[in-house]
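Read off the chains here:
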Amino acid sequence: MILGAVFRALGAHPAGWRMPGAHRDPLQDAAVLRRTARAAEAAKFDYLFFGEWLATGPDLEFRDPDLLARIDPVSSIAYLAGVTKRIGLIATANTTFVDLFTLARQTASIDRLSAGRAGLNIVTGADPRAAGNHGREGRAGTEPNYDQAGELVRALRLLWDSWEDEAFVRDQRTGRLIDPDRVHRTDAVGDYLRVTGPLTTPRPVQGHLPIVHAGTSTRSRQLSRELADLALVAQPTLEEAVAFRADLRAQARALGREEGAPLVVTPVLPVVAETKAGAQGIYDQLLRLVPLDDGSPLSRSPDFPANRSIRALSSAVGVPLGTPELDDEVPLRVARRFAEGGQRILETVAARTGRSVGGEFAITYRHLLATHAVPTSAIVGSGHEVADHLEEWFSAGAVDGFNIQTPFLQAQFTAFTSSVVPELQRRGLFRTEYEGTTLREHLGLERPQNLHVAEALTARARHAG
Ligand SMILES: Cc1cc2nc3c(=O)[nH]c(=O)nc-3n(C[C@H](O)[C@H](O)[C@H](O)COP(=O)(O)O)c2cc1C
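Note that the coordinates shown come from a computational prediction; the quantities given were computed from them, not determined experimentally. (Residues numbered from 1 in each chain as written. Predicted model: local features only at pLDDT ≥ 70, side-chain atom pairs only at ≥ 80, totals over all residues. Heavy atoms only, no water.)

Colleague: Run through the pairing of strand β13 (residues 401-405), naming residues and quoting values.
Modeller: Look at any regular strand and the pattern is simple: side chains alternate between the two faces of the sheet. Within β13, five of the five residues are buried, which leaves the element mostly enclosed by the surrounding structure. Side chains of β13 alternate between two faces, with Gly401, Asn403 and Gln405 and Phe402 and Ile404 buried alike. Inspection of the sheet shows strand β1 (residues 2-6) paired to β13 by five bridges, in the parallel sense. Counted as the bridge partner of Ala5 is Ile404 from β13. (Buried < 20%, exposed > 50% of the residue type's maximum accessible area, 1.4 Å probe, protein only. Helix = DSSP H or I, 4+ residues; strand = E, 2+ residues; numbered from the N terminus. Pairing = 2+ DSSP bridges.)

Colleague: Account for the domain arrangement of the protein, naming residues and giving values.
Modeller: What the domain assignment reports for the protein is domain 1 (2-162 + 191-272 + 379-443) and domain 2 (291-373). One C-alpha centre belongs to domain 1, the other to domain 2, and the line joining them spans 33 Å. The interface of domain 1 with domain 2 comprises six residues on the first partner and eight residues on the second. Roughly 620 Å² is buried in total at the junction of domain 1 and domain 2, and carbon and sulfur atoms are behind 68% of that figure. Linking domain 1 with domain 2 are one residue pair in polar contact (both at pLDDT 80 or more). Considering only residue class, the side of domain 1 that touches domain 2 consists of three nonpolar, no polar and three charged. (Domains from an automatic or database assignment. Contact = heavy atoms within 4.5 Å. Buried area = accessible area lost by both parts, 1.4 Å probe. Polar contact = N/O pair within 3.5 Å; in protein donor to acceptor, adjacent residues only side chain to side chain. Nonpolar A, V, L, I, M, F, W, Y, C, P; charged D, E, K, R; others polar.)

Colleague: Help me get a handle on the site of the ligand, residues and values and all.
Modeller: Surveying the vicinity of the ligand reveals 15 residues, the closest of which are Glu52, Gly125, Tyr146, Thr216 and Ser217. Glu52 has a polar backbone atom sitting 2.7 Å from a nitrogen atom of the ligand. In this structure, Thr124 approaches the ligand through a side-chain N or O atom, which is 3.3 Å from an oxygen atom. When the ligand sits alone it has 610 Å² of accessible area, and the protein chains cover 79% of it. (Near = heavy atom within 4 Å. Areas by Shrake-Rupley, 256 points an atom, 1.4 Å probe, with all protein chains shown as cover.)

And the structure:
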């Protein structure tokens, strides 16, 4: 089973930073980055994963506070290359705005600095404000953005291959440092990108960095089946995830890719404690810390999300709720009238908090509204129960592994590494020691042959034949 740790300093739950003892000062992110990386490595995670968001604004304070202002992903993994020894380091780059040659150099460099532990997640981005930050008018649209992303991945691989592994002959006697026949000019010209090599960095230790791709559209799926080593996929149910992975791989196979490509990983947000009741208590507290529209000055701020009012909840549950207080219990007679969407919210709250309508621990409007306002893929339980969930998805063939999101640091990451990881190891589902040294080896991916070497071998074989 692949396990990646998604690093979000302020936590993956928008209210996480408000929990008692949680990290909440972005000016101290470097210390948390170091601590989390070392803990993830001690737990033998395959990789640390850094998402990317190229724009910011006050609206993110409520929607996704971790994205407001933070250390960028490429800088983070460059730094961690020197602080860690074995764990893989994956940074996200936005293919719409990144400079291709710079990205090829940076990633090849970090792969050298980390002795083959770097990976690259590519996204096309979704925030229209990113365009202005990069001197553009706007986003071109899904089709051109994905065409450009495909060109970028192919060009990256060409640039990484511009130096053959044996290019440095280092002949002290003759004074020949390189074999010029093993350094390639590399022109890549497409509809969106144009680049001339060779790269100013030697070939990455891994040959090519593993390419991860996260997206949601049909074009995203196409990119994954053609070019990704690892696809980051969020499917709503186990059945849909099984079908998606099988379909993606069958299509990749039809394109001539090797069996088992691409690997598929899904994000999950475990809330873990020693007992289920303890974990439900933590989730309950997270819900109570989600700012809702309660007439307070905070909820009157211009950027406060519109989906956090009783009116928004009325439309989500399909019944007019009137004007109850947020902490009023939801009466049984009202809950009974909820439409399907409302019943789903009730079930989610009940499963994650242990509360029930009209029970000793009653469900309030606050619970419903906070759950509706902050949709997450939370799994709430003991280490054993969270491991059960991961095992179920893994064994059913829904995924090859998980990107673990931590609701808040550091306590919840410690809870995961000290209870879920040992349980997975006991079940023989997860490594107890690193066997390989590179990220490719952790993931079970072959090191690709240099394109120019492959071409020369093919030509020689043809000539001999
Ligand atoms: C699990 C997952 C993680 C993602 N992480 C990011 C991210 O960090 N940054 C980003 O710009 N897009 C990320 N995306 C993709 C965006 O949600 C968005 O779908 C994409 O950038 C636009 O491509 P689309 O047109 O295929 O949806 C992620 C998608 C998934 C499924």
